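# Topology and contacts: notes
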Amino acid sequence: MPFIPPLTDLKPRLNIDHPLQPNITNANLPHRTEPLLDRERRSFPSMVTNLFTTDKSEPDTPPPLTAEAITQALASTEPMRAYTAAYLTGRAKADDATVDQSLTQNLEALLTQSEDGAKPTAANDVLIEAAMSLALRGNTERAHAALLNLLHSPDPLGDQYKAAFYLAELGDPSGYPALLTTLQSDISHYRLMALRHALVFAQYDGQTVNGTTINVLELLTARLHDPDPLVRSEVPFHLEELHPPNLGELLQPFQQTDPSPAVRTAASIVLDRN
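I will try to describe carefully the structure that is included in this document.

## Structural notes on the side chain of Arg223
Secondary-structure assignment places Arg223 in the loop between α11 (216-222) and α12 (229-242). If sequence neighbours within four positions are ignored, Arg223 has contacts with Leu183, Arg191, Leu195, Val231, Arg232 and Val235.

## A few points about the packing of aromatic side chains
Tallied over the full model, the rule gives three aromatic pairs. When the ring of Phe165 is compared with that of Tyr166, the centres are 5.3 Å apart and the planes differ by 50°; the resulting orientation is tilted. Taken individually, Phe165 and Tyr166 each receive the classification buried, so the pair is uniform in this respect. The side chain of Arg91 reaches across the aromatic face of Tyr87, ending 3.9 Å from its centre.

## Some thoughts on the environment of Asn28
Examined against the element boundaries, Asn28 turns out to sit in the loop between β1 (21-22) and α2 (34-52). Taking relative accessible area as the criterion, Asn28 reaches 74% and is therefore assigned exposed. Between the C-alpha atoms of Asn28 and Leu170, which are 142 residues apart in sequence, the distance is 9.7 Å.

## As for helix α7 (residues 140-151)
In this model α7 runs 16 Å from its N-terminal to its C-terminal C-alpha over 12 residues, within 8% of the 16 Å that 1.5 Å per residue would give. Buried positions along α7 lie against α5 (97-116), α6 (124-136), α8 (160-169) and α9 (176-183).

## Some details on the packing of helix α13 (residues 247-257) against helix α14 (residues 261-273)
Their axes nearest at 8 Å, the elements α13 and α14 cross at an angle of 145°. Crossing hand, α13 versus α14: left-handed. From α13, Leu247, Gly248, Leu251, Gln252, Phe254, Gln255 and Gln256 reach across to α14, where they touch Arg264, Ala267, Ser268, Val270 and Leu271. In the contact of α13 with α14, the residues fall into six nonpolar, five polar and one charged.

## Observations concerning helix α3 (residues 67-74)
With seven of eight residues buried, α3 is to be regarded as a mostly interior element. Those residues of α3 that fall on the buried side of the exposure criterion are Ala67, Glu68, Ala69, Ile70, Thr71, Ala73 and Leu74.

## Brief notes about the pattern of salt bridges
The tally for this structure, following the rule as stated, stands at 15 salt bridges. Between Arg223 and Asp226 there is a salt bridge; the shortest N-O distance is 2.5 Å. With relative accessibility at 1%, the residue Asp226 sits in the buried group. Notably, a salt bridge pairs Arg273 with Glu240, separated by 2.6 Å at the nearest N-O pair. Of this pair, Arg273 sits in helix α14 while Glu240 is found in helix α12, placing the two residues 33 residues apart along the sequence. Members of the salt-bridge network, linked through shared partners, are Arg32, Glu40, Arg91 and Glu169.

Reading guide: rules and limits
Here, residues in each chain are numbered from 1, in the same order as that chain's written sequence. Totals for whole chains, interfaces and linings use all residues, but because this is a predicted model, local features are given only for residues with pLDDT of at least 70 and pairs of side-chain atoms are given and counted only at 80 or more. Just so you know, side-chain values use all the structure's heavy atoms and leave hydrogens and water out. Under the scheme used here, helices are H or I runs from DSSP no shorter than 4 residues and strands are E runs no shorter than 2 residues, and both carry numbers assigned from the N terminus. When checking whether two residues touch, look at their non-hydrogen atoms; a contact exists if any pair is within 4.5 Å. Here the aromatic set is Phe, Tyr and Trp, taking the six-membered ring for Trp, and pairing holds for ring centres within 6.5 Å; pairs whose planes are under 30 degrees apart are stacked, those over 60 apart are edge-to-face, and all others are tilted. For each residue, the accessible area found with a 1.4 Å probe, counting protein chains only, is set against the maximum for its type, and the residue is called buried under 20%, exposed over 50%, and partly exposed in between. When the NZ atom of lysine or the CZ atom of arginine is within 6 Å of a ring's centre and also within 35 degrees of its normal, the charge is said to sit over that ring. Each residue after the first adds 1.5 Å to the expected span of a helix. Axes, fitted as lines to C-alpha atoms, cover a helix only where it is in contact. Angles between the N-to-C directions of the axes lie from 0 to 180 degrees. In this scheme, a crossing is called left-handed if the near helix is turned counterclockwise away from the far one by less than a right angle; it is called right-handed if the turn is clockwise. Think of it as three bins: nonpolar holds Ala, Val, Leu, Ile, Met, Phe, Trp, Tyr, Cys and Pro, charged holds Asp, Glu, Lys and Arg, and polar takes everything else, Gly as well. Take a side-chain nitrogen of Lys or Arg and a carboxyl oxygen of Asp or Glu: if they are within 4 Å of each other, that pair is a salt bridge.

So far we have only geometry, and geometry alone does not tell us how the molecule works.
This is how it looks when you write it as structure tokens:
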């Protein structure tokens, strides 16, 4: 295995003024479907903003995205900056091949240091994003192994649903039970996060994983009865992405009778568009 220098050794190799451009593609991964790519394209500007500030009162126009900015943020002790940098590294590209190679090596170094150390050097969510970004940069074998390891993390709040989501994009639906487990969490935030990452599994409908048959339509419609209206209010939009033939039949009762105005409005928006 070639020597991978630590992150601090990579920084001086990057040109602080070298710009990066968005590069959101399926990366020859057929399970990265157009609806999933569309999500990433829409969220890219806000992710760049998050790289530079977590203050939502700041202007929406961040500084230019550069290789140095991503590298510095990836080594940051601020969790959101490191997470954002790990995400953006796989969805941005430099014109200079040497700079681009250094960005890839940053990801490899981060994963290697976390796996070889007595304890991870980064939080699970950062490592999951780093692994997927490595896949988007062409090293799918290394990324797959890292994501499987993170899927089976003993950390009860280790974002296993996100590892499952990215594994599915790589063609491996084995994380589906982890997504279901998160959907049954007592914490509504985690149910919401799992809901947002369910769509990719529609490509595997009917397959059985560890005794559980994948059924994304059933999974989504069950969340229409979630006790938290914030969770329920997002379901119509995810059902719209899935677009089952009985979409109207599913949503009309909630448009009329859900106790939450937000849920009724969301159902109305989707019904009006379809």
